[in-house]
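# Structure assessment
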Amino acid sequence: MRRREFIALLGGATAWPFAARAQQIERVRRIAVLLSAAADDTIFQTRIGAFLQALALLGWTIGRNWAVARRRTVEETWTIDIGTLRRAGYVGEPAPNWWKSGDKLCVLGFWPKTWRDGWIELPYQTLQTEQVPSRFGGERFYFRCDCGRRVEKLHNTRGKPWRCRHCSDLTYATRQASARERERIKTQKIRERLGGSLYFGDEFPAKPKGMHWKRYRRLWTEHEDAKNYFWQ
Ligand SMILES: [Zn+2]
């Protein structure tokens, strides 16, 4: 066998197991992508495009053996909480800082046409609000989402109606972060408390003056556990 043929064969062999396995299993895999950008961001679209092409080269074709599962996160959307509406005077009695709350609502594109107890009429949607007596005196305010849930926050994405996070199928970015990432953050927090380098690959920071050895050792153990989890 000539050298060039051998290399070509090797190249084929690395791609082969992926394609073969995908055909045998016939199961559609889901790849979750966490994006910190809007869906129409052109730079991100280019990057995602490159990612998809690289996967296709390995035998993974979108729609055939894998699909993209993407969920929006709460942080990507506009959020309105009932407290802001209350301070602005659209719910109950106007509260202190009503003007600041009014500004915030304007930024969110929130323009009530009319409002009265229980209803806020927007140009494109009517929001239902509720006052519930609090256990500790006074009243608590809630939105009543179209799904019937009583919530303190509503979310909206690009001209869609305001809905609760269950309806909008939103999830918190921190919840989506992988377990490994959480462990890495844990090491960073311990290092932050002790001072020194934040990177867990560096030497463990020295015991700060005044800290008990027992506590310092416990932090070290926690740090080691988190580090090992990340590296396993
Ligand atoms: Zn809802």
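Residues numbered from 1 in each chain as written. Predicted model: local features only at pLDDT ≥ 70, side-chain atom pairs only at ≥ 80, totals over all residues.

## Quick look at the overall build of the protein chain
- If you tally the helices and strands in the protein chain, you get seven helices and nine strands.
- The proportion of buried residues among the 232 residues of the protein chain is 12%.
- Restricting to contacts in the protein chain with at least 6 residues of sequence separation, those with at least 24 account for 46%. (Helix = DSSP H or I, 4+ residues; strand = E, 2+ residues; numbered from the N terminus. Buried ≥ 20, exposed ≤ 12 C-beta atoms within 10 Å, placed from the backbone. Contact = placed C-beta atoms within 7 Å.)

## Here we look at helix H4 (residues 98-107)
- H4 sits mainly on the outside: one of its ten residues count as buried.
- After H4 finishes, the residue Gly 109 shows a positive phi value of roughly 75°.

## Points about the sheet that holds strand E7 (residues 139-144)
- Sheet architecture is open: five strands sit in the order E4-E5-E6-E7-E8, paired in antiparallel fashion. For this open sheet the edge positions go to strand E4 (114-116) and strand E8 (150-151), each flanked by a neighbour on one side alone.
- Sheet topology note: the E7/E8 ladder contains two bridges and is antiparallel. Across the sheet, Phe 143 pairs through a bridge with Val 151, a residue of E8. (Pairing = 2+ DSSP bridges.)

## Points about the pairing of strand E6 (residues 126-133)
- Alignment of strand E5 (residues 119-121) against E6, held across three bridges, turns out to be antiparallel. Its bridge partner lying in E6, Ile 120 is registered against Leu 127.
- Count of turn residues in the E5/E6 antiparallel hairpin: four residues.
- Sheet topology note: the E6/E7 ladder contains six bridges and is antiparallel. In the sheet register, Pro 133 faces E7, and the bridge partner there is Glu 139.
- Linking E6 to E7, which pair antiparallel, is a turn of five residues; within it Gly 137 sits at a positive phi near 90°.

## Concerning the nonpolar core
- Core analysis: the biggest nonpolar cluster contains twelve residues, these being Ile 82, Leu 85, Ala 88, Tyr 90, Val 91, Ile 120, Leu 127, Phe 143, Cys 145, Leu 154, Trp 162 and Cys 164.
- Here Ile 120 is in contact with Tyr 90, Pro 112, Trp 115, Leu 127 and Thr 129, once residues within four sequence places are set aside. (Core = buried A, V, L, I, M, F, W, Y, C linked by C-beta atoms within 7 Å.)

## Examining the confidence of the model for the protein chain
- Scored by pLDDT, the protein chain comes out at a mean of 76, with 69% of its residues at no less than 70.
- For the protein chain, per-element mean pLDDT is lowest for helix H1 (residues 3-25), which scores 44, and highest for E5, which scores 93. (pLDDT = per-residue confidence, 0-100.)

## Some words on the environment of Leu 219
- Note that Leu 219 resides in helix H7 (residues 213-231).
- Of the residues examined, Leu 219 has 19 C-beta atoms within 10 Å and is grouped as partly exposed.
- Sequence-wise, Leu 219 and Thr 187 are 32 residues apart; in three dimensions their C-alpha atoms are separated by 9.2 Å.
- Excluding residues that lie within four positions of it along the chain, Leu 219 makes contacts with Ile 190 and Leu 194.

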